[in-house]
Protein chains: 2
Amino acid sequence: MYRNQRPCETSGDSKKGERLSLSDIQITEVRVLDLRFPTSRAKIGSDAVNKDPDYSAAYVILETNSDLVGYGLTFTLGRGTELCVSAAQYLARYVRGRLLSSITDDLGAFSRQLTNDSQFRWLGPEKGVIHLAAAALINAVWDLYARVEAKPLWQLVADMTPEEIVRTIDFRYIDDAITSEWAIEHLKQKRTGFNERLEVLKQSGYPAYTTSAGWFGYSDDEIRQLCRDGLADGWTHFKLKVGGEPLHDKRRAALIRSEIGTSNKLMMDANQKWGVEEAVRRTRELAEFDPWWMEEPTSPDDILGHARIKREVSPVRIATGEHCQNRVFFKQLMQANAIDVCQIDSCRLAGVGENLAVMLMAARFEIPVCPHAGGVGLCEYVQHLSAIDYLCISGSMENRVTEFVDHLHEHFVDPVRIRNAHYVLPAVPGYSIEMYPQTLRDYNYPDGSVWKKLGASGG
Amino acid sequence: MYRNQRPCETSGDSKKGERLSLSDIQITEVRVLDLRFPTSRAKIGSDAVNKDPDYSAAYVILETNSDLVGYGLTFTLGRGTELCVSAAQYLARYVRGRLLSSITDDLGAFSRQLTNDSQFRWLGPEKGVIHLAAAALINAVWDLYARVEAKPLWQLVADMTPEEIVRTIDFRYIDDAITSEWAIEHLKQKRTGFNERLEVLKQSGYPAYTTSAGWFGYSDDEIRQLCRDGLADGWTHFKLKVGGEPLHDKRRAALIRSEIGTSNKLMMDANQKWGVEEAVRRTRELAEFDPWWMEEPTSPDDILGHARIKREVSPVRIATGEHCQNRVFFKQLMQANAIDVCQIDSCRLAGVGENLAVMLMAARFEIPVCPHAGGVGLCEYVQHLSAIDYLCISGSMENRVTEFVDHLHEHFVDPVRIRNAHYVLPAVPGYSIEMYPQTLRDYNYPDGSVWKKLGASGG
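Definitions and limits used
Residues numbered from 1 in each chain as written. Chains lettered and ligands numbered in written order. Predicted model: local features only at pLDDT ≥ 70, side-chain atom pairs only at ≥ 80, totals over all residues. Heavy atoms only, no water. Helix = DSSP H or I, 4+ residues; strand = E, 2+ residues; numbered from the N terminus. Rg over C-alpha atoms; globule rule 2.2 N^0.38 Å. Buried < 20%, exposed > 50% of the residue type's maximum accessible area, 1.4 Å probe, protein only. Contact = heavy atoms within 4.5 Å. Areas by Shrake-Rupley, 256 points an atom, 1.4 Å probe, with all protein chains shown as cover. Expected span 1.5 Å × (residues − 1). Pairing = 2+ DSSP bridges. Axes fitted to C-alpha atoms, helices over the stretch in contact; angles between N-to-C directions. Right-handed = clockwise from strand over helix to strand, strands pointing away. Least-squares fit on C-alpha atoms with pLDDT ≥ 70 in both. Core = buried A, V, L, I, M, F, W, Y, C linked by side-chain atoms within 4.5 Å. Domains from an automatic or database assignment. Buried area = accessible area lost by both parts, 1.4 Å probe. Salt bridge = Lys/Arg side-chain N within 4 Å of Asp/Glu carboxyl O. Parallel < 35°, antiparallel > 145°, perpendicular 65-115°, else oblique. Left-handed = near helix turned anticlockwise from the far one by under 90°. Nonpolar A, V, L, I, M, F, W, Y, C, P; charged D, E, K, R; others polar. Phe/Tyr/Trp six-rings, centres within 6.5 Å; stacked < 30°, edge-to-face > 60°. Lys NZ or Arg CZ within 6 Å of the ring centre and 35° of its normal.

**Focus on the overall build of chain A**
For chain A, the helix and strand inventory stands at 17 helices and twelve strands. For chain A, the C-alpha radius of gyration of 21 Å lies close to 23 Å, the compact-globule estimate for 459 residues. Principal axes of the C-alpha set define a box for chain A whose edges measure 70 × 60 × 45 Å. Considering chain A as a whole, with its 459 residues, one finds that 66% of them fall into the buried category. In chain A, once contacts between residues fewer than 6 apart in sequence are set aside, the share between residues at least 24 apart is 75%. Summed over all atoms, the accessible surface of chain A reaches about 15000 Å², with 46% contributed by carbon and sulfur.

Laid out in structure tokens, this is it:
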């Protein structure tokens, strides 16, 4: 029921066998599932603040009048997923019953519809639960769009004209930083070298780094072993979770640095643990281990705080973004010279369009984009965004790596593939987020078999 | 069942007639209701962005082992209230079953518990749905606290020592702007003149302004009549909603200015309608009508945008806050010199403690606090906050007025009272948010009689 790799056909007889266009596809139903994976039991994903995440998703299924189905999700940490599910069920009114072409003709306007409901927007606007829910729906529409066009998402965007790309973006509240005119001009300029870059992607993929080695809850022995495994697999960039006791952080930083040597990169991630002045102090203390960046040193809401930390810990670079609520926020991080590394999130931002907006601003401010990933489905998503960034927007891989975490990929029909610490360019039509029907059944919360079993065993 | 104006007694026999202490009170149950008022049908509350609000609330009832009951709410605009209800029901786990003293002994720690749930915080942190929900619970606990102490909320706080006040605040992420030491010292200094200020409040109340005249959906004739009624009632500050067509805004501004004359104040509110550069342009165009402030000229997320607008439209003053997500955000608006007027919201911020934090920062940065109110219950709440600000924090009424909108007060057991355009100091124990049982039944959504009737008539 959920899987479809066949060519696009309607389920009715009339168009059987014909290639469908966007205006042939009607979204007949929107289903939203609450999926949760019991990852907290193995300390997977643990850090100084997120101590026990159960990687989860509000998972959207767009059924159509054809064999085609669109899939989208927003990523969560367990409890509260039900809120994103409810919000997505409400926002589904802007999707259900519509011809796909009525959405894809103006994806910028579609985003505004979802984020600007006159009563719902009070709960944000454009942040938190309702923005995460909008992301699931917007991502699902893009997935369906790409499937109709029979292209992987990155290619769907790469094949658009600059004008078409810009039309998918909501420039509201960011036009003091970039205008649609600037964006079109920039995208036109970046056509130069496109084919060569595509060849690079096809040959080598997009560079990745691993966060699998340094989770907060892992023992020294586990970290040591994971570093050795990582080096053997060709990884060159490793991330360590910090924000614990100073001596604990230092001991682990020393351990991982001694394992990976000085030629490989070590990134540190404090996951919002510190106040501004504490972040300056602690980052300076850890500078001896030569961090390639310090990530989320303080509140994700503190633009000016990040700017001050960046000034005061230089040359250590500052990264943030997985909790940046929207494009208006990223705009200011860039205007305030508050970040060295822009970590877009495919679900925290409201889908493909808002991510494109932020990648364009990053190009304007000359800040490398290194997407946040991990969790469930985020790696599947960001591989497309990084490909788009390289092909169409930044045109560069310099100082750019995309996060990779080796969890839960087995649930995806077309999972990410890593080769020599690079993401392999996806080839299957869509946005790579379709999960196996068995997964949708087993991990459904709270009624799936996995949760019933955990409940029964007191888990 | 919901009403209790009797002295504090347990329902058990053992302590009958004795005055209860905080450690006698156990919160036995937490109920959360979805209340909605069909205000959109009369264009009440309409502005350039919020076109059809149905003033609503996630309404919390804390039942105890005594006759005392605590009440709290968070304000919403209708659709989506169910999300705040669900979130509050989840967060109720940090309240249910606890002795009240275990919370009031460290209200700062209690706030951190509610805002820092290790899985739930991913949905924020400290913003949107989950923060609004936290506010309802925190406000309810403060209401119960004040009832046990048999004091109106403002007096509960005013009677605390500086050290006790500071202990209710979470200084995380704001200690680069104010520390607890600075706050204690400031509160101590402001003890001077306390009794005189209390006398002023008792005699004259706290100055208010009216937003009832200038809603977006009102006709010119309605506005004209409401201005005349307002002047007759002693109002001196009037707010107009702008953000429509330029000529439309100008005509209405001219109309209201001609009605109220040049000696009364006219405030304008664009409700986030404009981009940064548009806001500068439009505010300059409206400057001829001498606005006392321009409110929400652009995205509430745009700190740097507000700072630029403020620089470029001076001497028109810039106000914002009803959509400011938390204390970290207000901190930056002040650090960036982005606002002239700080409009705290009793529910957008997570309750009394976070409002105290912002009022203290406003004192530190010498920015007047003019609370946002209106909706349902917000006037009832902010009259206490303004009294606390005047008595303990700012010590001044200069350039300070608290919003008042004359809607829905009839549903409250102890509603606000306005005398000569001033809020009368509340005298009844608690935080003034208890509603009549009949209201809780009739406006319950979707099963209350009001909604059943509207449904039946196709409303």
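**Some remarks on helix α14 (residues 351–364) of chain A**
All names here are of chain A. Between its first and last C-alpha, α14 extends 20 Å over 14 residues, near the 20 Å set by a 1.5 Å rise per residue. Of all 14 residues that make up α14, twelve are buried, and the element is covered over most of its length. Those residues of α14 that sit buried are G351, V352, G353, E354, N355, L356, A357, V358, M359, L360, M361 and A362. Trailing α14 by a residue or two, E366 shows a phi angle of about 60 degrees, which is positive.

**Observations concerning the sheet that holds strand β3 (residues 69–76) of chain A**
The strands that make up a sheet are held in pairs by hydrogen bonds between backbone atoms, and each pair lies either parallel or antiparallel. Residues and elements named next belong to chain A. Overall, antiparallel pairing links the three strands, which are arranged β1-β2-β3 in an open sheet. Bordering the open sheet on either side are β1 (27–36) and β3, each of which pairs with just one other strand. Strand-to-strand twist in this sheet, taken as the mean axis angle between neighbours without regard to direction, amounts to 15 degrees. As judged from the nine bridges shared by β1 and strand β2 (residues 56–64), these two strands associate in the antiparallel manner. Residue pairing across strands places L33 opposite Y59, the latter belonging to β2. Of the strands in this sheet, β1, β2 and β3 are in contact with helix α4 (residues 128–148), which crosses β3 at around 150 degrees.

**Observations concerning the pairing of strand β4 (residues 206–214) of chain A**
Along any regular strand the residues' side chains alternate between the sheet's two faces. Residue and element names in this part refer to chain A. Among the nine residues of β4, nine are classified as buried, and the element is accordingly described as predominantly covered. Alignment of β4 against strand β12 (residues 422–423), held across two bridges, turns out to be antiparallel. Bridging from a neighbouring strand, Y206 pairs with Y423 of β12. As paired elements, β4 and strand β10 (residues 402–404) share three bridges and run parallel to each other. Paired with A208 across the bridge in β10 is T402. As defined by bridge partners, β4 adjoins strand β5 (residues 237–241) across two bridges and the pair is classed as parallel. Bridging from a neighbouring strand, T210 pairs with F238 of β5. Note on the crossover from β4 through helix α9 (residues 220–232) to β5: the handedness is right-handed.

**With respect to the sheet that holds strand β2 (residues 56–64) of chain B**
Residues and elements named next belong to chain B. Taken together, the three strands give an open sheet; going across it, the order is β1-β2-β3, and neighbouring strands pair in antiparallel fashion. Looking at strand neighbours, the two that pair on one side only are β1 (27–36) and β3 (69–76), the edges of this open sheet. Within the sheet, the average angular offset between the axes of one strand and its neighbour, ignoring direction, is 15 degrees. Most of the contacts of helix α4 (residues 128–148) go to β3, to which it runs at about 150 degrees, and overall it touches β1, β2 and β3.

**Here's the deal with the relation of the copies chain B and chain A**
Overlaying chain B on chain A yields an RMSD of 0.0 Å, the required transformation being a rotation through 180 degrees with an accompanying axial translation of 0.0 Å. Between the two chains, the operation in question is that of a two-fold axis. Closest approach to the rotation axis within chain B is made by the C-alpha atom of G128 of chain B, at a distance of 2.6 Å. Interface residue correspondence from chain B to chain A reaches 98%, placing this contact among same-surface, isologous pairings.

**Topic: the nonpolar core**
Formed by 314 residues in total, the largest nonpolar core has its most connected members in W142 of chain A together with W142 of chain B. In contact with W142 of chain B, not counting residues within four places along its chain, are L107, L153, L156, V157, M160, T168, V352 and G353 of chain B.

**Overview of the domain arrangement of chain A**
Residues and elements named next belong to chain A. For chain A, the assigned domains are domain 1 (8–160 + 440–453) and domain 2 (183–429). Domain 1 and domain 2 are separated by 24 Å when their C-alpha centres are compared. The interface of domain 1 with domain 2 comprises 40 residues on the first partner and 45 residues on the second. Carbon and sulfur atoms supply 68% of the area buried between domain 1 and domain 2, which totals about 3300 Å² over both sides. Three residues stand out in domain 1 for area buried against domain 2, namely A48, F75 and W154, and they jointly supply 19% of the buried area on that side.

**Digging into unusual backbone geometry**
Here G124 of chain A and P125 of chain A are connected by a cis peptide whose omega angle stands at -10 degrees. If you trace the backbone, P125 of chain A turns up in the loop between α3 (107–115) and α4. The backbone phi angle of L408 of chain A is positive, close to 70 degrees, even though this residue is not glycine. Note that L408 of chain A resides in the loop between β10 and β11 (418–419). With phi around 45 degrees, E296 of chain B is a residue other than glycine that occupies positive phi space. Residue position: E296 of chain B is located in the loop between β7 (291–295) and α12 (303–313).

**Description of the pattern of salt bridges**
Any two side chains of opposite charge can pair if their charged atoms end up close together. Residue and element names in this part refer to chain A. Counted according to the given criterion, the structure contains 68 salt bridges over all chains. One salt bridge connects E29 with R96, and the closest N-O pair in it is separated by 2.9 Å. Of this pair, E29 sits in strand β1 while R96 sits in the loop between α1 (81–91) and α2 (100–104), and the two are 67 residues apart along the sequence. When its relative accessible area of 31% is taken as the criterion, E29 is described as partly exposed. Using a relative accessible area of 36% as the deciding quantity, one classes R96 as partly exposed. A single network of salt bridges, built from pairs that share partners, joins R112, E126, D170, R172, R327 and E354.

**Looking at the packing of α1 of chain A against α4 of chain A**
Relative placement of two packed helices is described by the angle separating their axes and the distance separating the axes. Residues and elements named next belong to chain A. It is at 8 Å that the axes of α1 and α4 come closest, and there the two elements cross at 60 degrees. Taken together, the axes of α1 and α4 lie oblique to each other. Along this stretch, α1 crosses α4, giving a crossing that reads as right-handed. Facing α1, whose interface residues are L83, C84, A87, A88 and L91, α4 presents V129, I130, L132, A133, A134 and L137. For the contact of α1 with α4, the class distribution of residues is eleven nonpolar, no polar and no charged.

**Things to note about the packing of aromatic side chains**
This structure, assessed with the given rule, holds 27 aromatic pairs over all chains. Considering the side-chain rings of Y59 of chain B and Y71 of chain B, the 6.2 Å spacing of their centres and the 40 degrees angle between planes classify their relative orientation as tilted. Taken together, the residues Y59 of chain B in strand β2 and Y71 of chain B in strand β3 connect sequence positions twelve residues apart. Taken together through their ring pairs, the aromatic side chains of Y55 and F75 of chain A together with W122 of chain B make up a single cluster. The aromatic ring of W122 of chain A is capped on one face by R348 of chain B, whose charged end is 4.7 Å from the ring centroid.

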